[in-house]
Amino acid sequence: DQNNFSSPTLNKKLNEDLSILNKKSIILPLGEVKISRKVKSILIIVRMNTEVEIWDQNKKRLFEQPKIEYSYRSINSLINSINFCNNKYPNLKIKTIIIDDNSNEENLDRIKKLIEGKNIDILPINYEKYKGKILKQKSKETFSNLASLLKSFEIGKEQGEDLIFFVEDDYLH
């Protein structure tokens, strides 16, 4: 009912949770979808580069802060979302892996402090591994970006069980 922002068939307001994890998903305006495969785990893969500004564009970021600020805030926001999800669905296993694209030690230490005690790992990229797989690029940054993307897909294929989310550390372009 659009007049009072509610669903008469569910007897709920539309700002309430309409779906039930692993039972049914309510998708407006399509209706109810029965869940046939239960979700037990989520793998979140974050591509992070705390150094390079917008390497393939000729513009500045919206707030004109150093790149580490975008990385830090993105990962902090992700941690808050994971904590919310863990509280709401305590049986759901959530694992996060950060693929680090050549961050300096100072930036890496800042991120490590942020994720301390969390179920989050940071993996560096072995660029040599990808030299034979990725064609020669015009810039080192383009090659690094493609290597981190390929590493993300490899980890998703190797470690993903149910759902895999691919995330980048710079939500503002």
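Residues numbered from 1 in each chain as written. Predicted model: local features only at pLDDT ≥ 70, side-chain atom pairs only at ≥ 80, totals over all residues. Heavy atoms only, no water.

> Break down a nonpolar patch on the surface for me, citing the residues and quoting the values.
A surface patch of nonpolar side chains, amounting to about 390 Å² of accessible area, comprises L146, L149, F153, I164 and F166. Elements supplying a minimum of two residues to the nonpolar patch: α4 (140-159) and β8 (163-168). Within the fold, L146 resides in helix α4. (Patch = residues over 30% accessible without salt bridge, like charges linked within 9 Å, V, L, I, M, F, W, Y side chains within 5 Å. Areas by Shrake-Rupley, 256 points an atom, 1.4 Å probe, with all protein chains shown as cover. Salt bridge = Lys/Arg side-chain N within 4 Å of Asp/Glu carboxyl O. Helix = DSSP H or I, 4+ residues; strand = E, 2+ residues; numbered from the N terminus.)

> Tell me about the nonpolar core, and name the residues and values.
Counting residues in each nonpolar core, the largest one holds 19 residues, and the members touching the most others are I44, I75, I94 and I98. Mapped onto this core, the elements with two or more residues apiece are β5 (41-48), α1 (67-88), β6 (93-100) and α2 (105-115). For this core, the element with the most residues is α1, which contributes 6 residues. Once residues lying within four places of it in the same chain are set aside, the contact partners of I75 are M48, I98, I111, L114 and I115. Counting residues in each nonpolar core, the second largest holds 10 residues, with I97, I125, I134 and A147 among its members. (Core = buried A, V, L, I, M, F, W, Y, C linked by side-chain atoms within 4.5 Å. Buried < 20%, exposed > 50% of the residue type's maximum accessible area, 1.4 Å probe, protein only. Contact = heavy atoms within 4.5 Å.)

> I'd like a description of the pattern of salt bridges, backed by residues and values.
When charged atoms on two side chains of opposite charge get close, those side chains can pair. Tallying each qualifying case throughout the model produces 9 salt bridges. Put simply, E161 and K93 hold a salt bridge, and the shortest N to O gap is 3.1 Å. Of this pair, E161 sits in the loop between α4 and β8 while K93 sits in strand β6, and the two are 68 residues apart along the sequence. A relative accessible area of 47% means that E161 is categorised as partly exposed. Where salt bridges share partners, they join E69, R73 and R110 into one cluster.

Structural measurements only, silent on function.
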